[in-house]
Each structure stands twice: as C-alpha cells, then as structure tokens.
Amino acid sequence: MVNLKVKINDIELKNPVLTASGTFGYGYEFSDFIDLNRLGGFVVKGTTLHPRQGNAYPRMAETPSGMLNAVGLQNKGVDYFIEHIYPKIKDVDSKVFVNLSGSTVEDYIIGAEKLNEVKGLAGIELNISCPNVKEGGMAFGVTCPGAEAVVKAVREVYDSTLMVKLSPNVTDVAEIARAVEGAGADSISLINTLLGMAVDAEKRKPILSTVTGGLSGPAVKPVALRMVWQVANAVKVPIVGMGGIMNATDAIEFLLAGATAVQLGTANFIDPEVTVKVVEGIEEYMNRHNISDIHDIIGGLQL
Amino acid sequence: MNKTVQELAIKENVQLNEDTNLLIFEAPDLKEDLLPGQFANVLVKDSTTTFLRRPFSIYDFDKKTGSFSLIIKKVGDGTRKLCQFNAGEKLSVIYPLGKSFSLPNRDEKVLLIGGGSGIAPMMIMAKAIAHLTSEIHILLGARAAKDHIELEKFEKVGKLHLTTEDGSLGEKGFVIHHSLFNDIKSFDRIYTCGPNPMMKAIGDIAIENDVPCEVSLENMMGCGFGVCLCCVTDTHDKGHQCVCTDGPVFNAKEVKW
Ligand SMILES: Cc1cc2nc3c(=O)[nH]c(=O)nc-3n(C[C@H](O)[C@H](O)[C@H](O)COP(=O)(O)OP(=O)(O)OC[C@H]3O[C@@H](n4cnc5c(N)ncnc54)[C@H](O)[C@@H]3O)c2cc1C
Ligand SMILES: Cc1cc2nc3c(=O)[nH]c(=O)nc-3n(C[C@H](O)[C@H](O)[C@H](O)COP(=O)(O)O)c2cc1C
Ligand code: FES
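Treat the numbers as computed from the prediction; the structure is a model and nothing was measured.

Undergrad: Looking at this structure, how should I read the overall build of chain A?
TA: The secondary structure content of chain A amounts to nine helices and 16 strands. Whereas a compact globule of 303 residues would reach a radius of gyration of roughly 19 Å, chain A reaches 18 Å, a difference of no more than 12%. With the C-alpha coordinates of chain A rotated into their principal frame, the extents come out at 55 × 50 × 40 Å. Out of the 303 residues belonging to chain A, those deemed buried represent 61%. Long-range pairs, those at least 24 residues apart, make up 71% of the contacts in chain A between residues at least 6 apart in sequence. Roughly 11900 Å² of accessible area belongs to chain A as shown, and the carbon and sulfur atoms make up 50% of that amount. Counting 26 positive and 34 negative side-chain charges, chain A places the centres of these two groups 4 Å from one another.

Undergrad: What is the right way to look at the interface of chain A and chain B in this model?
TA: A common measure of how large an interface is: the accessible area buried when the components associate. Facing 33 residues of chain A, the contacting portion of chain B comprises 28 residues. Here chain A and chain B share an interface that buries about 2500 Å² over both sides, 63% of which is from carbon and sulfur atoms. Taken together, the links from chain A to chain B amount to two salt bridges. A salt bridge links Asp32(A) to Lys3(B), with the nearest nitrogen and oxygen atoms 3.8 Å apart. The tally of links between chain A and chain B comes to nine residue pairs in polar contact (both at pLDDT 80 or more). Contributing elements (two or more residues each) for the side of chain A that touches chain B: strand 5 (60–63), strand 6 (66–69) and helix 8 (267–270) of chain A. Each residue belonging to the side of chain A that touches chain B can be placed in one class, and the counts come to 14 nonpolar, 12 polar and seven charged.

Undergrad: What should I look at first to understand the pairing of strand 7 (residues 95–100) of chain A in this one?
TA: Both faces of the sheet carry side chains from a regular strand, because those side chains alternate between them. All names here are of chain A. Most of strand 7 is tucked away: five of the six residues are buried. As paired strands, strand 7 and strand 8 (residues 123–127) are joined by four bridges and run parallel to one another. From the neighbouring strand, Asn99 faces strand 8, where its bridge partner is Glu125. The parallel pair strand 7 and strand 8, bridged by helix 2 (residues 105–116), forms a crossover whose chirality is right-handed.

Undergrad: I keep staring at the site of ligand 2 and nothing clicks. Help me out?
TA: Among the 22 residues in the neighbourhood of ligand 2, the closest are listed as Ser21(A), Lys165(A), Gly217(A), Gly244(A) and Thr266(A). Proximal residues around ligand 2 fall on chains A and B, making this an inter-chain site. Ser21(A) has a polar backbone atom sitting 2.8 Å from an oxygen atom of ligand 2. One of the side-chain nitrogen or oxygen atoms of Asn127(A) is found 3.1 Å away from an oxygen atom of ligand 2. Structurally, ligand 2 is housed in the largest cavity. Residue composition of the shell around ligand 2, by class: five nonpolar, 15 polar and two charged.

Undergrad: Would you mind showing me how to read the layout of surface pockets here?
TA: Any space left empty among the atoms is revealed by the rolling of a water-sized probe across them. One number sums up the size of the second largest pocket: a volume of about 870 Å³. Residue lining of the second largest pocket: 33 residues in total, with Lys76(A), Gly226(B), Cys242(B), Thr245(B) and Asp246(B) positioned closest to the centre. Secondary structure elements with two or more residues in the lining of the second largest pocket: helix 1 (78–89) of chain A together with strand 6 (90–97) and strand 14 (239–241) of chain B. It is helix 1 of chain A that contributes the most residues to the lining of the second largest pocket, four residues altogether. Residue composition of the lining of the second largest pocket, by class: 12 nonpolar, 12 polar and nine charged. Each of domain 1 (4–97) and domain 2 (110–251) of chain B contributes no fewer than three residues to the lining of the second largest pocket.

Undergrad: Just to check I follow, could you spell out the domain arrangement of chain B for this structure?
TA: Residue and element names in this part refer to chain B. Each domain of chain B was delimited in the assignment, giving domain 1 (4–97) and domain 2 (110–251). Between the C-alpha centres of domain 1 and domain 2 the distance comes to 21 Å. Regarding the contact of domain 1 and domain 2, the summed buried area is about 1900 Å², with carbon and sulfur atoms giving 64% of it. Among the residues domain 1 hides against domain 2, the three largest losses belong to Pro36, Phe39 and Tyr59. Together they make up 29% of the total. Between Asp60 and Lys127 there is a salt bridge; the shortest N-O distance is 2.9 Å. In this assembly, domain 1 and domain 2 are joined by five residue pairs in polar contact (both at pLDDT 80 or more). Put simply, the parts of the chain that give the side of domain 1 that touches domain 2 at least two residues each are strand 1 (4–17), strand 2 (20–26), strand 3 (39–42), strand 4 (54–62), strand 5 (67–73) and strand 6. The biggest single contributor to the side of domain 1 that touches domain 2 is strand 4, with six residues.

Undergrad: How should I be thinking about the packing of helix 4 (residues 144–157) of chain A against helix 5 (residues 173–182) of chain A in this particular structure?
TA: Relative placement of two packed helices is described by the angle separating their axes and the distance separating the axes. Residue and element names in this part refer to chain A. Here helix 4 crosses helix 5 at 25°, and the two axes come no closer than 8 Å. The angle between helix 4 and helix 5 places the two elements in the roughly parallel class. By crossing handedness, the relation of helix 4 to helix 5 is classed as right-handed. When helix 4 is examined against helix 5, the residues Cys144, Ala147, Glu148 and Val151 are found in contact with a partner set consisting of Glu175, Ile176, Ala179 and Val180. By residue class, the composition of the contact of helix 4 with helix 5 is six nonpolar, no polar and two charged.

Undergrad: Explain the pairing of strand 4 (residues 41–47) of chain A to me, please; I cannot follow it from the model alone.
TA: Residues and elements named next belong to chain A. Where burial is concerned, most of strand 4 is hidden: seven out of the seven residues are buried. Relative to strand 4, strand 3 (residues 17–19) is paired through two bridges, and the arrangement is parallel. By the bridge assignment for strand 4, Thr19 is matched with Phe42.

Undergrad: Explanation requested: the packing of aromatic side chains in the structure shown.
TA: How two aromatic rings sit relative to each other is given by the distance of their centres and the angle of their planes. All told, the structure shown has 13 aromatic pairs over all chains when counted by the stated rule. A centroid spacing of 6.4 Å and a plane angle of 65° characterise the contact between Phe30(A) and Phe33(A), whose relative ring orientation is edge-to-face. For Phe30(A), a relative accessible area of 0% translates into the label buried. Classification of Phe33(A) as buried rests on a relative accessible area of 8%. Through successive ring pairs, a cluster of aromatic residues spans Phe24(A), Phe30(A), Phe33(A), Phe42(A) and Phe225(B). Over the aromatic face of Tyr28(A) sits the side chain of Lys88(A), whose NZ or CZ is 4.6 Å from the ring centroid.

What counts as what
Residues numbered from 1 in each chain as written. Chains lettered and ligands numbered in written order. Predicted model: local features only at pLDDT ≥ 70, side-chain atom pairs only at ≥ 80, totals over all residues. Heavy atoms only, no water. Helix = DSSP H or I, 4+ residues; strand = E, 2+ residues; numbered from the N terminus. Rg over C-alpha atoms; globule rule 2.2 N^0.38 Å. Buried < 20%, exposed > 50% of the residue type's maximum accessible area, 1.4 Å probe, protein only. Contact = heavy atoms within 4.5 Å. Areas by Shrake-Rupley, 256 points an atom, 1.4 Å probe, with all protein chains shown as cover. Lys, Arg positive; Asp, Glu negative; His and termini not counted. Charge placed at Lys NZ, Arg CZ, Asp CG, Glu CD. Buried area = accessible area lost by both parts, 1.4 Å probe. Salt bridge = Lys/Arg side-chain N within 4 Å of Asp/Glu carboxyl O. Polar contact = N/O pair within 3.5 Å; in protein donor to acceptor, adjacent residues only side chain to side chain. Nonpolar A, V, L, I, M, F, W, Y, C, P; charged D, E, K, R; others polar. Pairing = 2+ DSSP bridges. Right-handed = clockwise from strand over helix to strand, strands pointing away. Near = heavy atom within 4 Å. 1 Å grid on protein atoms, 1.4 Å probe; cavity = no way out; pocket = protein on both sides within 12 Å on 5 of 7 lines; lining within 4 Å. Sits in = over half its atoms within 2 Å of the grid points. Points joined across faces, edges and corners; volume = space filled by probe spheres on them. Domains from an automatic or database assignment. Axes fitted to C-alpha atoms, helices over the stretch in contact; angles between N-to-C directions. Parallel < 35°, antiparallel > 145°, perpendicular 65-115°, else oblique. Left-handed = near helix turned anticlockwise from the far one by under 90°. Phe/Tyr/Trp six-rings, centres within 6.5 Å; stacked < 30°, edge-to-face > 60°. Lys NZ or Arg CZ within 6 Å of the ring centre and 35° of its normal.

Next comes the structure, spelled out in structure tokens:
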C-alpha cells in the first residue's frame, strides 16, 4: 500500500487529486460516472455574493489542444449555495472547497463570513483571477497590493483553510505568491485560465460574445508547470497545481515541480471518469518506481 | 437510464450521401428506451484538431439487438473524421444526455419538422409516439433532392412531406413555405429541430397560431452534462438555461432567440 495522503494546512486529503472550479459543477453531476468518495477533494463552481447570469452565448471556443471560455461566473449566489446545494454534497467523504469570487473587497468579506458559518466545509478557494468579468477578481489578482488587500481582509473573517487562486496573466507570479502568503493564505492554487481570443475569419468576427476569454486544457500545461515551479520556489505554503492535466503522468509532473496536490479541470469534459483514473495512475506510478509515500514525489524534480 | 461513458464498437458506418453518414453503435447494455431529443457526446479518437467531444441526436435505437444510431453531417474536422471510422472500431461515447420532447396526447395531430441534420431526432420521435396517434406528419427540408436522406424509413413512420430550396423534390422553398402551413392550426402540436433561423420562424408561426411547439437546440457544447455552463440559451422566465441538461428541447415560447 502506498501513501497518497497529503495535507493542505490542517485539512487531510485522501489523495492529491481535486477538481478545478467551473469544470465539475457541484460534484453530484458526476455521480453517474464516478464514486465521488474517491476524490481527494473538489472545488465547486465560482460563487459570488449575489446571483449572476454570466455572459451571453457564445461562451466557448475550441482552440488547438484546449478551449476558451467566457462563462462569466454564472451562479446562484452564496446564500443559495449554502441553503440548497451544500446539503446535497456535505456527506460525501471528500473535501469540499468553495471557489469564492467578487467584484469588491466588501463582497469577498461578506461571502467569506457566510461561508465561515458552514460546518464541514474544508475551505475557500479565493478566486482573484477570473478573467471573464469586469473587476471580477482578476483586477485584484494582477497586482501585489490588490492581492494582498483582498486576502488580508478575507483572512480576518475566515477561520478554515484559505486557498488563494492565482492568475497567470501577470509578469511575475512569484511576487504575487509572496504577497498572498504574507497576507495569510494557507495555500496557493494556480493557474487560472490564460487570457486569450479566437476569431472567425469567414465572418470576420470574434467567436466569443466577450471577444476575449480564458484558455485552458493541454495548450496551457507548459506555462502552468513553469508557474507552479516558480511559486514553489518562492513560498512555503502548500501549492495546488493545475492547467492542462489530462492524465496521471501530467499530474505527477506537477507534483514533481512542487505541487502538493493537483486539480483537474477541462479534462473532466473529455472524460468524466478522468479523476479516478488519475488517482489510480499515480498509485501505479508509485508502485512501478518503488515509492511508498507521495511526499517523495512532491518537489522531487532532479535538477 | 443513467448517463454512462463507454467505449462502443461501431456496428456499421453507412454513407447516406456525399456529406452525411449513419453510424450504428453496438450498445449491449442498452436495456431502457432512449428518449426522443436525447443525444450522445462522441469523442473523436486520434484527432489532432478536435479536442472536445461532439454531440449528436439519437436517430434510432433497438433494445433487442442492443444498438443505437446517429446521423452525422460532415461540417468540419470532427464530423469528417467520425465518418471515417470503420465497423469494429471503438469510440468513447457519453449517453444518453439531455431531456426528451414531451409526448402528445392520444390521437392528436402532430407535425414533426426537421431541417438539415435536425431530421435525426424526428425518427426516434415518430417511433416513440406511434402508439399514441396515427396522425403523424413529418416535414423535412433540404437544399436539393440529393440532400434528402433516409426517406424510405421516414415514410414508414409518418406521412412524409418534403421541401427543397431549388424545387428538385417536394415543394420549393424553406419548410415554412410548405402548404401544410396554410392550415397550421389543424395541428395540435409541432416538434422541430434544425438550424436556429428555421426553428425561430416555426416557433413564431406556432405561437401566433396558438399551436404548442417544442424546439431542439444545437448550441455548441463543452461537456454535454451540465458542468461547464458553455451551452446556455437565454429564456424569458428562467434566464440562462443549459441546452445540454435543461434542454436540448425547449418550449418555443421560452426561448429568447
Ligand atoms: C444537442 C445537439 C444535437 C446535435 N445533433 C446532430 C445530429 O444529429 N447530426 C449532426 O450532424 N449534427 C448534430 N449536431 C451538430 C454537431 O454537433 C456539430 O455539427 C459538430 O459538433 C461539428 O463538429 P466539427 O468538428 O465537424 O465542426 P467544427 O470544425 O467544430 O465546426 C465547423 C462549423 O460548424 C459549426 N458548428 C460547430 N458546432 C456546431 C453546433 N453545435 N451547432 C451548429 N453549428 C456548429 C462551426 O461554427 C463551424 O462553422 C448536434 C448538436 C447538438 C448540440
Ligand atoms: C468552463 C470553465 C469554467 C471555469 N470557471 C471557473 C470558476 O468559476 N472559478 C475559477 O476559479 N476557475 C474557473 N475555471 C478555471 C479552472 O478552474 C482552471 O483553473 C483552468 O481551467 C486550468 O485548468 P485545466 O487546464 O485543467 O482546465 C474555469 C475553467 C473552465 C474551462
Ligand atoms: S455543455 Fe457543458 S453545461 Fe452544457
């Protein structure tokens, strides 16, 4: 038996495989496909203080080895989540994180205060990196003072694990990571989507209603790996890596680069059973390499 | 029936005309009815250009032999590649997805309208309602005679009416120009699938004439099972609704085109 358990702050995950926000709904949508109890954890859809309709269709464009999305944080708001959705997933034997987004520091604070009252929730993943709504988080996430201010404010009102999700749309991600760690983050997750664009040449029009959107999938993996590596070298808090992970080998690459856990996003659309396959694949890799503890892989890149 | 993702073998790949194929899949686990309007999301194996799955309406199914079929019109890389796979090869398919058309009441006079690849759900629909009514009219539209497919099969499941844009078969014009529309009030229900402008035009006429009408939308999809929120259509009462899980079938009155 190999040890797959990892810790994010004081939250123990049974394995390092989580799902990425916005790609896994609220979990129960996958119950026909997989046993949710097998996941290390799952991060639910981006949630805001007030309900949001999201952006107009078309919100998606397929691109080489990936996709652009411009969903724009469509969700029913944090109160609805707490009252109607959380009861349906709270008994799953896995860790649930809520991806919290906002357009003002005040929104983040009130949202975090409400979530602080929810028993059994593993933590918040603070989204300061959504590229798809005006002032929708990314405005905070691309400068050190902005990131620091919102993390500090939420830290003051939130007691459980505070994971902060970083944007790749910055010049120096390590600098932002240090600011976020200094402001009290327990963990850092990255990357959110890369700002991109798609054009329909025949119609001479942008494909997305918003013109620009967020790129995800295998196309972003090299950028994501590089950023995880840079942040791992810059901070001490555990890192949750993501961006283009499609299989166990991809996941192990992120662990080697310094991530304590990983999230799978777009891969869930291609194969709704992928998360469980990645857990099994990591185990198989460890057996093949005679590694008994996952911690011997984390940050284990040989230079 | 629960959703599943499975590697299904192609039982037959039949070229219907120069740009459309019929793909029959072996589905040995198929024990329950697939519902009219439901779709399957197919992974385009070994493609360097097609990353996401491609959705297709269920055309027909057979529980006895354990099989179901899709009609695939080649419009881009993904559909072209899918039409090249041979019998015996396996493809990853997620199915059944989406909600069904609602069924008519007994002995109601029903009009099914399909345009382009939107003819697919009309076959499974006609078969699903055969026990309820014998008044099933099927109106299919295409550009030219050569684009009309599967006509012998459609003739067996309803009274068939055709239009072509060039007049080479059936009445000339779009489906809404067909003479059936002269007495559209004589129908109790309309069900349609096809290009959006066609469905909107039919929906508008149906609403004007007080005939209940359901449309099956074909928005672009990221996942097909309700988690990416990419496929939404705007509606009058409920705001953005997912075409893949709240639809693909909607009441024509609900949709904000
Ligand atoms: C619920 C549902 C049921 C469908 N049923 C059928 C069916 O029974 N038979 C069938 O042939 N097709 C059906 N479609 C459409 C089919 O999914 C698309 O034609 C296919 O995804 C195109 O893939 P591609 O890689 O060949 O084309 P791409 O290279 O992706 O695109 C080629 C062109 O087709 C357009 N296109 C792509 N996807 C769609 C779409 N979903 N709707 C309209 N235009 C699109 C693109 O804008 C582009 O101009 C259905 C779609 C949905 C959502
Ligand atoms: C359709 C879609 C919706 C997303 N919604 C959110 C969201 O609400 N909040 C968030 O923090 N990230 C969101 N993301 C970003 C993902 O969580 C993830 O950071 C990104 O997709 C990179 O990982 P991947 O390549 O594995 O998908 C979304 C991504 C996609 C594709
Ligand atoms: S296609 Fe993903 S929610 Fe409908």
